[in-house]
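Residues per chain, in single letters:
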Amino acid sequence: MFLCVIVLLPDCGVSVAPTRSRIVGGDIAVSGAWPWQVSLHSNYQHQCGGSIISPEWIITAAHCVETLSQPSQWTVYAGYLIQIQMAYATGNSVRRIISHEKYDKQTKDNDIALMKLNTPLTMSDNVRAVCLPNFGVNLTPQREAWISGWGSIRSGGLVSENLRQARITMYSRHTCNAQLVYNGRVTTSMICAGTLAGGVDSCQGDSGGPMVTKEGSLWWLVGDTSWGIGCALKNKPGIYGNVSHFLPWIYEQLQKN
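As the structure is a computational prediction, the values presented were derived from the model and not from experiment. Positions within a chain are numbered from 1, following the residues in the order the chain's sequence is written. In keeping with the model being predicted, local features are shown solely for residues with a pLDDT of at least 70 and side-chain atom pairs are shown and tallied solely at 80 or more, while totals for entire chains, interfaces and linings include all residues. Hydrogens and water molecules were not included; the side-chain quantities draw on all heavy atoms of the structure.

This part is about the nonpolar core. Within the largest apolar cluster, 50 residues are counted, with the highest numbers of intra-cluster contacts made by W34, I52, I53, M115, L132 and I250. Strands here mean DSSP runs of E at least two residues long; helices mean DSSP runs of H or I at least four residues long; both are numbered from the N terminus. Those elements that place two or more of their residues in this core are β2 (37-42), β3 (45-54), β4 (57-60), β5 (75-78), β6 (92-99), β7 (113-117), β12 (218-227) and α3 (247-256). The contact rule is simple, with two residues in contact once any of their heavy atoms fall within 4.5 Å. Ignoring any residue separated from it by four or fewer positions in sequence, one finds M115 in contact with L40, E56, W57, I58, V65, W74, V76, V94, R96 and I97. By convention a nonpolar core is built from buried Ala, Val, Leu, Ile, Met, Phe, Trp, Tyr and Cys residues, the set being connected through side-chain atoms within 4.5 Å. Remark: exposure states derive from per-residue accessible area (1.4 Å probe, protein chains only) relative to the maximum for the residue type, with buried under 20%, exposed over 50%, and partly exposed in between. In this structure, A145, A166, A193 and V222 belong to the second largest nonpolar core, which totals 11 residues.

Rendered as structure tokens:
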């Protein structure tokens, strides 16, 4: 059902911490739980999240780099849980930013981007790549997934000092395109996930960060945090870039860059 990209990621998707049940309604993550999670800083502040897919490459959202589009404007921090730790760390500089050429800033269609680092990350229990899903992976509605990030814990609030995590449920596009939910706005480049009852969601500052699901003993990147209406509202789950939809584009960029 899933295939780990062995050539790029020999030990992807491994978490050394047990799972507990922009994150609203979640709890604080422990060391090693989400080792692919990075914090993307610009102007010395956390702006977005991202996911490590190889020592040199980060996946994030295109809307994160829409205005801050120059590599020199960004620093990537990997292996940290608390934002204050990053204030005293060097971080990794960015060599190249590649946004999807069909990204639509109005609809957030094709909301994905790649960052190539100047210096490869040093892998450890706290810094590790997540697995990319196989082509055509079946993301069954009602499948459980997890999100993580330093985003606000309430709509309009400040970013979180601690990395937070939350368990969510994936929904079909049919469900999320219902009139009372997103009324047709969810495209094939998106995944809708959260809880229709409200109370658990990503929020401002979680953008670009991972949505992962576990298959066997490994974690797979199925989404990057993209958009939503408010945070954790009833009938307004989060919308994530559909990573399996973007696999051909991702592999193309990795090969030519």
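Anyway, onward from the coordinates.
With phi around 65°, Y44 is a residue other than glycine that occupies positive phi space. Considering the arrangement of structural elements, one finds Y44 in the loop between β2 and β3.

Glancing now at the pairing of β7. Within a regular beta strand, the side chains point alternately toward one face of the sheet and then the other, so they alternate between its two faces. Among the 5 residues in β7, 5 count as buried, and that is most of the element. Here β7 shows a buried face lined by A113, M115 and L117 and a second buried face lined by L114 and K116. Where β4 and β7 come together, 4 bridges link them in antiparallel fashion. For W57, the partnering residue across the bridge sits in β7 and is K116. One bridge is not enough; two strands pair if DSSP finds at least two bridges between them.

On to the sheet that holds β3. Spatial strand order, β2-β3-β4-β7-β6-β5: 6 strands in a closed barrel with antiparallel pairing. Averaged over all pairs of adjacent strands, the angle between their axes in this sheet comes to 40°, without regard to strand direction. Only C-alpha atoms enter the line fits that serve as axes; for helices the fit covers just the stretch in contact. Angles between N-to-C directions range over 0 to 180 degrees. Packing against the sheet, α3 makes contact with β3, β4, β6 and β7, and its axis sits at approximately 25° to β7.

Next up on the list: the pattern of salt bridges. Here a salt bridge means any side-chain nitrogen of Lys or Arg lying within 4 Å of a carboxyl oxygen belonging to Asp or Glu. Taken as a whole, this structure holds 5 salt bridges when the rule is applied. As a salt-bridge pair, D125 and R128 come within 3.2 Å of each other at their nearest N and O atoms. R128 sits in the buried class, given a relative accessible area of 11%. R167 is the salt-bridge partner of E144, the closest N and O atoms lying 3.6 Å from each other. With a gap of 23 residues between them, E144 in strand β8 (residues 144-149) and R167 in strand β9 (residues 164-171) connect regions that are remote in the sequence.

With respect to the helices, strands and loops of the structure, Y240 is situated in strand β13 (residues 238-242). For the pair Y240 and S72, spaced 168 residues apart in sequence, the C-alpha separation works out to 26 Å.

The definition used for a disulfide is geometric: two cysteine sulfur atoms within 2.5 Å. In the structure shown here, the tally under the stated rule is 4 disulfides. A sulfur-sulfur separation of 2.1 Å characterises the disulfide bridge that pairs C48 with C64. Across the S-S bond linking C48 and C64, the dihedral sits near -95°, which makes this disulfide left-handed. Placement of the pair is C48 in strand β3 and C64 in the loop between β4 and β5, with a sequence separation of 16 residues. Of the two residues, C48 and C64, neither departs from the other in class, the shared state being buried.

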